[in-house]
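Commentary on secondary and tertiary structure
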Amino acid sequence: MAGVTLRDVSKRFGGVEVIRGLSLDIAEREFVVFLGPSGCGKSTLLRMIAGLESVDEGAIHIGERRIDALPPGDRGVAMVFQHYALYPHMSVRDNLAFGLKNIGTPGNEIAARIDTAAQSLEIGHLLDRKPGQLSGGQRQRVAIARAIVKQPQLFLFDEPLSNLDAALRVRTRLELAQLHQRLGTTMIFVTHDQVEAMTLADRIVVLNEGRIEQVGTPMDIYLRPASRFVATFVGSPTINLLPVTLAEEDGRAIATLGDGTTLRTAVAMAGMAAGDAQIGLRAEHVRIRTDGAVAANARVVERLGERTLVHAQLADGSALVAEDAGISAVRAGDAIRLSIDGSAAHLFDADGRGHHTSL
Ligand SMILES: Nc1ncnc2c1ncn2[C@@H]1O[C@H](COP(=O)(O)OP(=O)(O)O)[C@@H](O)[C@H]1O
Ligand SMILES: [Mg+2]
């Protein structure tokens, strides 16, 4: 078991810098998720740690050992891909044994490791089948088992759940969380899915165009997004962003929306300029209330069972998503009233940097 350190790591493809001087410390036993949109460099970074891509500049250490110039097999890592990459002509058992045989692991040791991994992933009954005789979910469990039998110091997962259907994705996600609890091995997991990131991570690393936007616990990222980019990437429905003008009262920012509504925020005005900015309001802080201060119109009503999302329009035409109880009387076209909790508002300055409650 070991932590991972990246120092000023860069990578170019042709003239394009896809990883830009990135530094990061991952603690031993930590479950870290790289989260970001397609093309931001998640896979490249993971492959650099695995040794499947070279490092142009900087250094990578696993534990005390500098590994960025070592061959992949000498790094003590095991990687699981979105595409399972199993050998189709070999049985599951032989797929699991293959890498271990190659490095001369004794037969009884291989059998024991396969036994343990098969038990923990409930694939014992599949060991004599070929990958072609397995469902997608079973194949992915075999791919995870193949990583486990290597007993690596570090697991690397590249969107391993993306090919699974929705129910299986949720189940496998839970199993990965349990696997991490059981093994306690350091894990790095790449995804573009914020729900996977929120549910699995000890810490999330939000990446944008080859740079780190923010590193934090899931709730840090949700409650104190460092930038507009992070705020819009995490949370469903997407955070409401509206233009506001800011003024100061008792050191706090007062935000005026386009329809004239003023909201007292809990954001310190220090570090922000008066005038134009953007306010970020999550749907759970914009509620439908008969005595709400803000007049709006319900355009689309989405009933999700446990809650109802109301896509509303304010008097000036600006749009935002409000939340109501699961059983909601609101229908599309209704005139409604909104109660907005200004104390939960985020503010974003002209550079897109986030400012939050100073509590
Ligand atoms: N082998 C390659 N050759 C050239 N460009 C590449 C190569 N691999 C990745 N890229 C580019 O690097 C960027 C980051 O890719 P990638 O790491 O796969 O992103 P992600 O996994 O976040 O979707 C993208 O612009 C992609 O097109
Ligand atoms: Mg990728």
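Let us look at the structure shown here. The written sequence of each chain sets the order in which its residues are numbered from 1. Chain A is the first chain written and ligand 1 is the first ligand written, with later ones labelled in order. Two thresholds apply to this predicted model, a pLDDT of at least 70 for residue-level local features and 80 or more for giving and counting side-chain atom pairs, whereas whole-chain, interface and lining totals are computed over all residues. The basis for every side-chain value is the complete set of non-hydrogen atoms in the structure, without hydrogens or water.

Overall, mixed pairing links the six strands, which are arranged E6-E7-E8-E3-E9-E10 in an open sheet. Only two strands of the sheet have a single neighbouring strand rather than two, namely strand E6 (77–80) and strand E10 (211–216). Adjacent strand axes in the sheet meet at a mean angle of 20° when their direction is disregarded. Two strands qualify as a pair provided that DSSP identifies no fewer than 2 bridges between them. Per the convention used, a helix needs a DSSP run of H or I reaching at least four residues, while a strand needs a run of E reaching at least two, with both numbered from the N terminus. Both E6 and strand E7 (residues 154–158) contribute to a ladder of four bridges, which runs parallel. Think of each axis as a best-fit line through the C-alpha atoms, taken over the contacting stretch in the case of a helix, with angles from 0 to 180 degrees between the N-to-C directions.

What follows is about the pairing of strand E17 (residues 307–314). Exposure is judged per residue with a 1.4 Å probe applied to protein chains only, and the accessible area is read against the type maximum: over 50% gives exposed, under 20% gives buried, and values in between give partly exposed. Most of E17 sits inside the fold, with six of its eight residues counted as buried. Bridge analysis of strand E16 (residues 294–303) against E17 gives seven bridges, and the strand direction is antiparallel. Residue pairing for E17: Val301 is matched across the bridge by Val310. Bridge count between E17 and strand E18 (residues 319–325): seven bridges; the pairing is antiparallel. Counterpart to Arg307 in the pairing with E18 is Ala325. Hairpin connection, E17 to E18: the antiparallel pair is bridged by four residues, and Gly317 has positive phi, about 95°.

This brings us to the site of ligand 1. Throughout this document, a residue counts as near a molecule or strand when at least one of its heavy atoms sits within 4 Å of that molecule or strand. Ligand 1 sits among Phe13, Val18, Pro37, Ser38, Gly39, Cys40, Gly41, Lys42, Ser43 and Thr44. Note on areas: Shrake-Rupley, 1.4 Å probe, and residue coverage restricted to the protein chains presented here. If ligand 1 stood free it would expose 560 Å²; the protein chains cover 56% of that surface. Within the shell around ligand 1, the residues separate by chemical class into four nonpolar, five polar and one charged. Here the nonpolar group is Ala, Val, Leu, Ile, Met, Phe, Trp, Tyr, Cys and Pro; Asp, Glu, Lys and Arg are the charged ones; every other residue, Gly included, is treated as polar.

Below, the discussion takes up helix H3 (residues 107–120). Given a helix with a known number of residues, its expected span is that number minus one, times 1.5 Å. The end-to-end C-alpha distance of H3, which contains 14 residues, comes to 20 Å, matching closely the 20 Å that a straight helix rising 1.5 Å per residue would cover. Buried residues along H3 sit against helix H2 (92–102) and helix H4 (136–149). Immediately beyond the C-terminal end of H3, within one or two residues, lies Glu122, with a positive phi of roughly 55°. Should any heavy atoms of two residues lie within 4.5 Å, those residues are considered in contact.

Turning to its location among the elements, Thr261 is positioned in the loop between strand E12 (252–256) and strand E13 (262–268). Exposure remark for Thr261: the relative accessible area of 13% places this residue in the buried category. A distance of 2.8 Å separates the side chain of Thr261 from the side chain of Asp259, its partner in a polar contact. Here a polar contact is recorded for every N or O atom pair within 3.5 Å, except that within protein the pair must consist of a potential hydrogen donor and a potential acceptor, and residues adjacent in sequence are included only if both atoms are side-chain atoms.

It is worth spelling out the packing of H3 against H4 at this point. Between two packed helices, the angle of one axis relative to the other and the distance separating the axes together describe the packing. Two elements in contact, H3 and H4, have axes whose closest approach is 9 Å; the angle formed by their N-to-C orientations is 140°. One way to sum up the angle between H3 and H4 is to call them oblique. In the packing of H3 onto H4, the handedness of the crossing is right-handed. Facing Arg113, Ile114, Ala117 and Ser120 of H3, the residues of H4 in contact are Ala145, Ile148 and Val149. A breakdown of the residues in the contact of H3 with H4 according to their chemical character gives five nonpolar, one polar and one charged. Angle categories are assigned with fixed cut-offs, so that under 35 degrees is roughly parallel, over 145 is roughly antiparallel, 65 to 115 is roughly perpendicular, and the rest are oblique. When the near helix sits turned anticlockwise from the far one by under a right angle, the crossing is termed left-handed; a clockwise turn instead gives a right-handed crossing.

Here we come to the side chain of Thr105. Checked against the element boundaries, Thr105 lands in the loop between H2 and H3. Classification of Thr105 as buried rests on a relative accessible area of 14%. Excluding anything up to four places from it in sequence, Thr105 contacts Leu100, Ile110 and Arg113.

Here we come to the packing of aromatic side chains. Each aromatic pair joins two rings of Phe, Tyr and Trp (for Trp, the six-membered one) with centres within 6.5 Å, and gets the label stacked for planes under 30 degrees apart, edge-to-face for over 60, and tilted for any other angle. Within the structure shown, the criterion is met by five aromatic pairs. Arranged with centres 6.0 Å apart and planes meeting at 45°, the rings of Phe31 and Phe189 form a pair that is tilted. Placement of the pair is Phe31 in strand E3 (residues 31–35) and Phe189 in strand E8 (residues 186–191), with a sequence separation of 158 residues. The exposure class of Phe31 is buried, given its relative accessible area of 1%. Geometrically, the ring pair formed by Phe157 and Phe189 is tilted, given 6.0 Å between the ring centres and 45° between the ring planes. Here the residue Phe157 occupies a position in strand E7, and Phe189 occupies one in strand E8, the gap between them amounting to 32 residues. Judged by its relative accessible area of 0%, Phe157 falls in the buried class. Joined through ring pairs, the aromatic side chains of Phe31, Phe155, Phe157 and Phe189 make up one cluster.

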